[in-house]
Each structure stands twice: as structure tokens, then as C-alpha cells.
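Fold and geometry: a report
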Amino acid sequence: MADLSRDPRFAQYARLIVEGGCNLHPGQEVVLSAPVACGEFVHLLVRQCYQSGASDVVVLYNDPALTRARVDLCPDDSLEIVPPWKADSANYYADRDAVYLSLSCPDPQAMAGADSRRAARYTRALQVAQRPASDARMANIRPWCIAAASAPCWARQVYPLLPEEEAVDRLWEDILQIMGVTGSADPVADWFCHQEDLQRRGERLTQAGIRKLRYRSGLGTDFTVEMPRGAVWTGGSEYDRSGRLFSPNMPTEEIFSAPHRLTAEGRLVSSLPLNYQGNLIEGIRLTFHHGKVTSFDAAAGREVLAEILATDEGASYLGEIALVPYSSPIQQRGVLFYSTLFDENASCHFAVGEGYPCLENADQMTPDQLLEAGVNTSLTHVDFMVGTKDLSITAWGRNGEEFPIFVDGEWAPEFR
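Read on for an overview of the structure. (Residues numbered from 1 in each chain as written. Predicted model: local features only at pLDDT ≥ 70, side-chain atom pairs only at ≥ 80, totals over all residues. Heavy atoms only, no water.)

The subject of this paragraph is the layout of surface pockets. When its volume is computed, the second largest pocket comes out at roughly 1100 Å³. Forming the boundary of the second largest pocket are 46 residues, of which Met138, Ala139, Asn140, Pro357 and Cys358 lie nearest the centre. Elements supplying a minimum of two residues to the lining of the second largest pocket: α6 (131-138), α9 (187-207), β7 (234-235), β8 (238-239) and α13 (367-373). Along the lines of polarity and charge, the residues of the lining of the second largest pocket split into 19 nonpolar, 15 polar and 12 charged. (1 Å grid on protein atoms, 1.4 Å probe; cavity = no way out; pocket = protein on both sides within 12 Å on 5 of 7 lines; lining within 4 Å. Points joined across faces, edges and corners; volume = space filled by probe spheres on them. Helix = DSSP H or I, 4+ residues; strand = E, 2+ residues; numbered from the N terminus. Nonpolar A, V, L, I, M, F, W, Y, C, P; charged D, E, K, R; others polar.)

Here it is, written out as C-alpha cells:
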């Protein structure tokens, strides 16, 4: 298995996350959430945070096996109890200019066979308790970043035919290659160049004044959705409320916005499995009318999908629309990662639930004003992938003009 202390690429990757993703400023606190399986890389990250000027690094370890034990075995009347200290901790740092850094290493089988209703109750209780911190991230009030690390629980799913140690190393190679960590070039400088490219494409889409989009694919997707007035398309790095740059997702290849919550019509068919909190959902089919999911199905995990859509009223409406070309470097690796962080950057996707406030002057609008403008609100935000090699996306502009956005899964020439 890879020796993280001896291979210089891992120190480079830690620096890329801290300086390129979090854009950590001297004196800031860092709240680092990570699976216990990634402890060795957590040590590198913590050291890098302090070397980059962090005043304190608070590490919050999590373990999917403990969550599974609670969902399976705890008394029913205590399933939804969230201790005040857990909510207070999450919300406390949201008020202290802290950077939220999450290390993603999913276990796609962690909740296989669990009672989906009990799991949904537990998840919803946490979402309610930690809503202030979640709202701060969605609105980019404070910088936040999600990056990936390899460990057996994830690697076994991605490379089931390899011995465990070899699978872990292969997945590490995927992560490092996708992130441009080679051991020689400066990955931080390359990362910021990539972010600038994504931002320029987002600006072109915003300037196009898109009012409506139609999706069609051979899988059965036939769908239209409108954009709110003043919609902004963005991608790559974001700015927090103080004007500091940060990168929410590492990797990222998407250009995204918020569709008008009441305008979705037609059918969306997923192109990749969705790993949702240790459950695999495959073959998702959603039918929309007046923005709301009116019927749904899935080849696997239908009961989990039902619980997602039942989280609250907003969970049956769309909160995000994201564009990713089929030629994405993640797609081109030919690996199904069973991780939304990676798979959503290999495919065009949508999300049900909470919407990003991608509107002109959104920072001056109240939650009620955002909702009135068409931005969805919900306790949940769940991405699902719809991109295919034959996907076509047609747009209508502010004056009714029609033009292509995607042709055969790729950007139309004017948006490349």
C-alpha cells in the first residue's frame, strides 16, 4: 500500500487542498470532517493547515459503521435525538469565519439492507439541527471545500476484482491524476488556471441570457425547465461573503445554476448510479409537472429514493442544474467511482432539494425573496447524473432565439 509519508505527491495534494481549495488565510480556524479510515492522510492535511497559517484545526472523525449500528439497533424513540453539543458545534464555527473542509471517502455499501425509513429519520434530524451551518455553506457565507481520499471501504467498490491494497493504491492514482498531482508541476497554479477557464465559460452562459432549456437523450430523457429572471451560471471557484476565493469541490468540471423551481416538465432518466449515504440507487426515472416530481421509479434503491423525495416539500423540486461535457477527464478515465463528488463531474446532472442562490444580487435577498424568485429551498440537496454521449441540450434566449448548448454530449462550438 502507498506510503503517504514517502511519496511527495501526497504532500503536494494536501497543499493543493489547503491552499487551492480552502485558500486558507493566516489566523483562520479549520473544521475538518473525515472518515476514520483516512487517518494517515488527515495527519498530512492537519500539518499542512498549520503550515499555511491555521490558528486551530478541529478534526471531526466519522465512521459509517457507527451510523449503521445506530440506524439498525438504537431504540425507536431515541433515533431522532441530536445532542445539543453536536448542533452547537456545527453552528458555532459557522459564526467564527472558519473554513469547513470535508474529506470524502464513501462506503457505497455501508447502509445496504438498512431500514430506509429509520435511516431517513436519523438523517433528517441531523439536517434540521445543523441547518444554520448548512445554509451558510449553500450561500457561500463561509468558505468550504470537499476533497477525496482513498481507503478500503471505497476502493473495494470501485475495483472489486483487485486485492484490497492494490485497489486502494489504484484509487489513489485516480485521485492524484485527476487532480493534476504529478510530483513535479505546481498543482496549485494549474488548479487556479482551470478555475479561471470554468469561470469564463459560466460568464458566457450568463451573458447568453438563457430562459429555457430542453434535454433529450437515448435513455429516455425528454425534459424542459426554465431559468429564473437574473439567473447566473457559475463554475470552479466561488467567493465567500468577504470576497475571498475558495473551491467547494475538488475535482470540479461543472458549470451550474439554479433552475426555476416551478417550471420543470417531462422526464429525466439517470445515466449513472447514485451513492446516497451508503445506499446505491440505480436507474432513476423522475417525471415532473409544474416543477414537482409527480412520479418516480428506480431499478434499485427505490425505497431510498422515496425517502429522499419525502424529506420535505422542497425535496420534490429541483435546486440545481449543472453542465459537464462527456469528454470530462473523469469520464474519460472509464471508471465508475460510486461517489457523487467524482461522478457528478463526469456527467451533466441535476439536484433535487436546496437550491444555490445563483441570481443577480442574491446576497441582498432574503430567503423568502429567493423562493419567490424561483430558487428552491429544502433540508436536502441530492445530485443525480443524466449526462450521456448522445445528450442534446437546446436553449432559448431572452428574445426567444433558439440555439444549442450541447450536441452529442459536448459543448456546442460557441460555448467551448
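After that view of the structure, there is still more to cover.
On to the sheet that holds strand β10 (residues 255-257). Sheet strands pair by backbone hydrogen bonding; their relative direction is either parallel or antiparallel. Read across the open sheet, the 5 strands follow the order β7-β10-β16-β17-β18; overall the sheet is antiparallel. The open sheet terminates on both sides in strands that have one partner only, identified here as β7 and β18 (381-385). Examined bridge by bridge, strand β17 (residues 349-353) and β18 share 5 bridges and lie antiparallel to one another. Counted as the bridge partner of valine 352 is valine 382 from β18. (Pairing = 2+ DSSP bridges.)

This part covers the pattern of salt bridges. What the rule picks out here adds up to 19 salt bridges. Residue arginine 15 is joined to aspartate 186 by a salt bridge in which the shortest nitrogen-to-oxygen separation is 3.3 Å. Highlighted residues: arginine 15 in helix α1 (residues 8-21) and aspartate 186 in the loop between α8 (164-178) and α9, separated in sequence by 171 residues. Arginine 15 gets classed as partly exposed once you look at its relative accessible area, which sits at 30%. For aspartate 186, a relative accessible area of 36% puts it in the partly exposed group. (Salt bridge = Lys/Arg side-chain N within 4 Å of Asp/Glu carboxyl O. Buried < 20%, exposed > 50% of the residue type's maximum accessible area, 1.4 Å probe, protein only.)

Turning to the side chain of aspartate 343, a few remarks are in order. By the element assignment, aspartate 343 lies in helix α12 (residues 340-343). The side chain of aspartate 343 is buried and forms no salt bridge, while arginine 333, the nearest opposite charge, is found at 11 Å. For aspartate 343, the side chain forms a polar contact with the main-chain nitrogen of tyrosine 338, separated by 2.9 Å. Leaving out residues up to four positions away in the same chain, aspartate 343 has contacts with Leu272, Pro273, Leu336, Phe337, Tyr338 and Met385. (Lys, Arg positive; Asp, Glu negative; His and termini not counted. Polar contact = N/O pair within 3.5 Å; in protein donor to acceptor, adjacent residues only side chain to side chain. Contact = heavy atoms within 4.5 Å.)

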